[in-house]
Amino acid sequence: MVDVGKWPIFTLLSPQEIASIRKACVFGTSANEALYVTDNDEVFVFGLNYSNCLGTGDNQSTLVPKKLEALCGKKIKSLSYGSGPHVLLSTEDGVVYAWGHNGYSQLGNGTTNQGIAPIQVCTNLLIKQVVEVACGSHHSMALAADGEKSGVQVLAGHKSKEATAEEGAAWSRQTANENSENVFAWGYNNCGQVGSGSTANQPTPRKVTNCLHIKRVVSIACGQTSSMAVLDNGEVYGWGYNGNGQLGLGNNGNQLTPVRVAALHSVCVNQIVCGYAHTLALTDEGLLYAWGANTYGQLGTGNKNNLLSPAHIMVEKERVVEIAACHSAHTSAAKTQGGHVYMWGQCRGQSVTLPHLTHFSSTDDVFACFATPAVTWRLLSVEHEDFLTVAESLKKEFDSPETADLKFRIDGKYIHVHKAVLKIRCEHFRSMFQSYWNEDMKEVIEIDQFSYPVYRAFLQYLYTDAVDLPPEDAIGLLDLATSYCENRLKKLCQHIIKRGITVENAFSLFSAAVRYDAEDLEEFCFKFCINHLTEVTQTAAFWQMDGPLLKEFIAKASKCGAFKN
């Protein structure tokens, strides 16, 4: 399961907001913008809002999530972003929305005015069911399903009154002669990335024709200034900028229209992704190919030489099931059938030239933790499954009479526990229940040397690894931890005491630290008492202290110069 909290920007949200997220995207030149969809299909954005890329209707940045009313309930299917940045998304209904930077008409509305709020991308796309969108730095692409929208759907988008079946049929007849190409592109076209045959910018969506006009495209991807498409038969086509060989054509000449990657003729490609200037392809046999720029080792070949043609990249002889890259980074990642995740390329500023095995469970984590900027390479899907982890299950069963097989009685109150858990978690109990102690045969164990709050906190710690006690009670728990040789618990108690020290309790805490031989805590409490000496000496705890400790404190304070005028 993907944890959105791994992306720094999501640390701005509350745990409740995080728990509501079902889909998310982090984008922007510094990963300073984010969009997320909640479990009730509401869409929120927050962040820097550079170039109006949050779509909030203004140019203000926001640390508090703002709702995008225009997209709520729309069921986002595909989302991509450019470097401007601009944002493009398609819904389950096949409708495309865009907003943000528009200096090259990458929003497809025929203008170069900034898009301060989501607008529906019209013209040709109104008659198509868009299933996927992709953005380069300043150009956009959309992949439409073979079937066109019904005339009723189209007219409903155009008219305020409800369209009739007859009007829909008329519209369908009018568009029946449309060609079957299903890739559209628009925006910046200085290198031919729109695939129109020229380098003129394209202000509205235009069909990518040429050799694709009788082909069925099933997937699209964009580099910074290049475009790629995968056909249903596994063929790969590329167009646009090719200065680093990112089109895989064996040369470095730009292409103004789609050209087939001939070097992949013997394989069937299922997935393709583009980095800033490199490309990765995955075949139906789980083979990984890479080509293009390699300045940071992003091809995984073991060196930094660019490749003009696809090369087979080995990932420990395992079958690859997913590849990852995005045009705003020089990072590559892959996941194998065995669940192993590898990364290479630019990783936290370092160049990793061969696939490096990580401890991650998803390729998304690679981009959260190692990409620069820490963006998402795709629209994240956050599935909250209805199961408890081992830790969560243990926490839930603490003091549960239904499953417990042992009870402790302290001050007349019971605490229900499980022998097996206590033996696993604590050496004291392991000895108690595996030796010839009397307690091993009992169903109820009486405890009289510690208070109920202290002993309950100790047992709960064995189930949760956490302690929740006021500093005064933490003194008693410190005593218990010392008796049971629980060193980590001693440290936790000392942290609690340090955070909770006051003028009123400082001397009591100091004396407890001396009593339990906690040297660091003793020094901490002593310094606090010296820093607040006048107030501390006026407390009851100071004058109630036993004589030897009081004399020791005064002598030590005197050596520190605490009583000098």
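By the naming in an unreviewed UniProt entry, the protein is RCC1 and BTB domain containing protein 1, taken from Sus scrofa.

*Asks:* Looking at this model, I keep getting lost on the layout of surface pockets. Mind explaining?
*Replies:* Where empty space is left becomes clear once a probe the size of a water molecule has been rolled over the atoms. The calculated volume of the largest pocket comes to roughly 550 Å³. If you trace the largest pocket, you find 27 residues lining it, with E132, V133, I220, W377 and R378 closest to the centre. Mapped onto the lining of the largest pocket, the elements with two or more residues apiece are β5 (76-81), β9 (128-135), β13 (217-222) and β17 (269-274). Its residues assigned to classes, the lining of the largest pocket comprises 17 nonpolar, seven polar and three charged. Each of two domains, domain 2 (73-148 + 179-264) and domain 3 (271-375), supplies a minimum of three residues to the lining of the largest pocket. Roughly 200 Å³ of volume is contained in the second largest pocket. Of all the secondary-structure elements, those providing two or more residues to the lining of the second largest pocket are α4 (363-369) and β25 (380-381). Looking at side-chain class alone, the lining of the second largest pocket contains four nonpolar, four polar and four charged residues.

*Asks:* Explain the domain arrangement of the protein to me, please; I cannot follow it from the model alone.
*Replies:* The accessible area lost on association of the parts is a frequent measure of interface size. Looking at the protein, the domain boundaries give domain 1 (1-71), domain 2 (73-148 + 179-264), domain 3 (271-375) and domain 4 (388-558). Across the boundary between the two partners, domain 1 contributes 22 residues, which contact 20 residues of domain 2. Here domain 1 packs against domain 2, burying approximately 1,700 Å² in sum over the two surfaces, 65% of which is carbon and sulfur. Run the count over domain 1 and domain 2 and you get ten residue pairs in polar contact (both at pLDDT 80 or more). Elements that contribute at least two residues to the side of domain 1 that touches domain 2 include exactly β1 (21-27) and β2 (33-38). It is β1 that provides the largest number of residues to the side of domain 1 that touches domain 2, a total of four residues.

*Asks:* Teacher, can you tell me more about the sheet that holds strand β15 (residues 236-240) here?
*Replies:* Adjacent strands of a sheet form backbone hydrogen bonds with each other and so pair up, either parallel or antiparallel. Strand order across the open sheet formed by four strands is β13-β14-β15-β16, with antiparallel pairing between neighbours. Edge positions in the sheet fall to β13 and β16 (255-260), since each has one partner strand and no second. The mean inter-strand angle of the sheet, taken between neighbouring strand axes irrespective of direction, is 15°. Across five bridges, strand β14 (residues 226-231) lies against β15 in antiparallel orientation. Within β15, the residue paired with S226 across the bridge is G240.

*Asks:* Quick question: what am I supposed to make of a nonpolar patch on the surface here?
*Replies:* On the surface, L12, L63 and V64 cluster together to form a nonpolar patch covering roughly 310 Å² of accessible area. Here L63 lies in strand β4 (residues 62-67).

*Asks:* For this particular structure, what's the right way to read the confidence of the model for the protein?
*Replies:* Low pLDDT means the predicted coordinates in that region are not meant to be read closely. Averaged over every residue, the pLDDT of the protein is 90; the share at 70 or more is 92%. Confidence drops under pLDDT 50 across residues 150-165; counting only partners more than four residues distant or on other chains, this segment forms 23 contacts. Confidence drops under pLDDT 50 across residues 167-180; counting only partners more than four residues distant or on other chains, this segment forms 21 contacts.

*Asks:* Can you help me understand the environment of K207 in this one?
*Replies:* With respect to the secondary-structure elements, K207 resides in strand β12 (residues 202-207). Given the relative accessible area of 13%, K207 is considered buried. For the pair formed by K207 and F27, sequence separation is 180 residues and the distance between their alpha carbons is 27 Å.

*Asks:* Explain the UniProt feature "repeat: RCC" (unreviewed entry) in the protein to me, please; I cannot follow it from the model alone.
*Replies:* Per the UniProt annotation, the sites labelled "repeat: RCC" (unreviewed entry) are residues 41-92, 94-146, 181-233, 234-285 and 286-337. The span residues 41-92 carries 0% helix and 44% strand; its end-to-end C-alpha distance comes to 12 Å.

*Asks:* I would appreciate a short explanation of the packing of helix α9 (residues 471-483) against helix α10 (residues 487-500) in the present structure.
*Replies:* Axis separation between α9 and α10 bottoms out at 9 Å; the angle between their running directions is 160°. Comparing the axis directions of α9 and α10 gives the class roughly antiparallel. Where α9 crosses over α10, the handedness of that crossing is left-handed. Contacts between α9 and α10 pair P471, A474, I475, L477, L478, A481 and T482 from the former with L489, K490, C493, Q494, I496, I497 and G500 from the latter. Broken down by class, the residue content of the contact of α9 with α10 amounts to ten nonpolar, three polar and one charged.

*Asks:* In this structure, what is going on with the environment of R515? I would like to understand it.
*Replies:* Structurally, R515 can be placed in helix α11 (residues 506-515). On the basis of relative accessibility, which here comes to 54%, the residue R515 falls in the exposed class. Taking the C-alpha atoms as reference, R515 lies 35 Å from A404; in sequence the two are 111 residues apart.

*Asks:* How should the side chain of S226 be read in this particular structure?
*Replies:* Relative to the helices and strands, S226 resides in strand β14. With residues up to four places along the chain from it excluded, the contact list for S226 reads H139, Q193, A221, W239, G240, Y241, Q246 and L247.

*Asks:* Help me out: how do you make sense of the packing of α10 against helix α12 (residues 519-531) in this one?
*Replies:* Each packed pair of helices is defined by two parameters, the angle between the axes and the distance between the axes. Relative to each other, α10 and α12 sit at 5°, their axes nearing to 10 Å. Relative to α12, the element α10 lies roughly parallel. Across from Q494, I497 and K498 in α10, the residues of α12 making contact are D520, L521 and F524. For the contact of α10 with α12, a count of residues per class yields three nonpolar, one polar and two charged.

*Asks:* Before we go on, may I ask you to explain helix α5 (residues 390-397) in this structure?
*Replies:* Because an α-helix packs 3.6 residues into every turn, residues spaced three or four apart end up facing the same way. Counting buried positions along α5 gives zero out of eight residues, so the element sits mostly on the surface. Positive backbone phi, approximately 55°, marks D399, located one or two places after α5.

*Asks:* I would appreciate a short explanation of the packing of aromatic side chains in the present structure.
*Replies:* Two descriptors summarise a pair of aromatic rings, namely the distance from one centre to the other and the angle between the planes of the rings. Taken as a whole and judged by the stated rule, the model has 25 aromatic pairs. With 6.2 Å between their ring centres and 70° between their planes, Y36 and F46 make a pair best called edge-to-face. Of this pair, Y36 sits in strand β2 while F46 sits in strand β3 (residues 43-47), placing them ten residues apart in sequence. Residue Y36 shares its accessibility class with F46, and that shared class is buried. Following the ring pairs from residue to residue traces out a cluster consisting of F408, F429, F433, F450, Y455, F458 and Y484. Over the ring of F370 we find R348; its NZ or CZ atom is 6.0 Å from the centre of that ring. Of note, K556 hangs over the ring of F526, and the distance from its end group to the ring centre comes to 4.4 Å.

*Asks:* Mind showing me how you'd approach α12 here?
*Replies:* Here α12 is 13 residues long and its end C-alpha atoms lie 18 Å apart, about the 18 Å a rise of 1.5 Å per residue gives. Turning to α12, its buried residues are L521, E522, C525, F526, F528 and C529. Angular distribution of buried residues about the axis of α12 spans 160°; they occupy a single face of the element. Summarising the geometry of α12, the exposed residues directed more than 90 degrees from the buried face are E519, D520 and N531. Buried positions along α12 lie against α9, α10, α11, α13 (533-536) and α15 (547-559).

Criteria and cut-off values
- Per chain, residue numbering runs from 1 following the sequence as it is written.
- Totals for whole chains, interfaces and linings use all residues, but because this is a predicted model, local features are given only for residues with pLDDT of at least 70 and pairs of side-chain atoms are given and counted only at 80 or more.
- Processing note: side-chain calculations cover all non-hydrogen atoms of the structure and skip hydrogens and water entirely.
- Within this scheme a cavity is a closed region of a 1 Å grid, computed over the protein atoms alone, that accommodates a 1.4 Å probe without allowing it to escape, whereas a pocket is open but has protein on both sides within 12 Å along at least five of seven lines; lining residues each have an atom within 4 Å of a point.
- Grid points are joined across faces, edges and corners, and a volume is the space filled by probe spheres set on the points.
- Helix and strand definitions follow DSSP, with helices as H or I runs of at least four residues and strands as E runs of at least two, each counted in order from the N terminus.
- Gly is put with the polar residues, along with every residue not named as nonpolar or charged; the nonpolar set is Ala, Val, Leu, Ile, Met, Phe, Trp, Tyr, Cys and Pro, and the charged set is Asp, Glu, Lys and Arg.
- Those domain boundaries reflect an automatic or database domain assignment.
- Residue contacts follow a heavy-atom distance rule, with two residues in contact if any of their heavy atoms lie within 4.5 Å.
- Buried area is understood as the total, over both parts, of accessible area removed when two parts are fitted together, assessed with a 1.4 Å probe.
- Any pair of nitrogen or oxygen atoms within 3.5 Å is treated as a polar contact; in protein, a donor-acceptor pairing is required on top of that, and neighbouring residues in sequence qualify only through side-chain atoms on both sides.
- Should DSSP find at least two bridges between two strands, the strands are regarded as paired.
- Where helices are involved, their axes are fitted lines through C-alpha atoms of the stretch in contact, as for all axes, and angles between N-to-C directions lie from 0 to 180°.
- Patch membership requires over 30% relative accessible area and the absence of a salt bridge. Like charges are linked within 9 Å, and nonpolar side chains (Val, Leu, Ile, Met, Phe, Trp, Tyr) within 5 Å.
- Per-residue and other accessible areas were derived by the Shrake-Rupley procedure at a 1.4 Å probe size, with only the shown protein chains allowed to occlude residues.
- When a carboxyl oxygen of Asp or Glu lies within 4 Å of a side-chain nitrogen of Lys or Arg, that pair is called a salt bridge.
- Looking at any residue, its pLDDT shows the predictor's confidence there, from 0 to 100.
- For every residue, the accessible area obtained with a 1.4 Å probe (protein chains only) is divided by the maximum for its type, and the residue is called buried under 20%, exposed over 50%, and partly exposed between those limits.
- UniProt positions are given in the numbering used here, feature names are shortened, and annotations may be inferred rather than shown by experiment.
- The labels follow the angle: roughly parallel below 35 degrees, roughly antiparallel above 145, roughly perpendicular from 65 to 115, and oblique for the rest.
- Crossings are assigned a handedness: left-handed for a near helix turned anticlockwise from the far helix by less than a right angle, right-handed for a clockwise turn.
- The criterion for an aromatic pair is that two Phe, Tyr or Trp rings (for Trp, the six-membered ring) have centres within 6.5 Å, with stacked assigned to planes under 30 degrees apart, edge-to-face to planes over 60 apart and tilted to the rest.
- For a lysine, the NZ atom is tested; for an arginine, the CZ atom; a charge sits over a ring if that atom is within 6 Å of the ring centre and within 35 degrees of the ring normal.
- Helices are assigned an expected span. That span is 1.5 Å times one less than the residue count.
- Note that the arc is computed from the directions linking the helix axis to the C-beta atoms.

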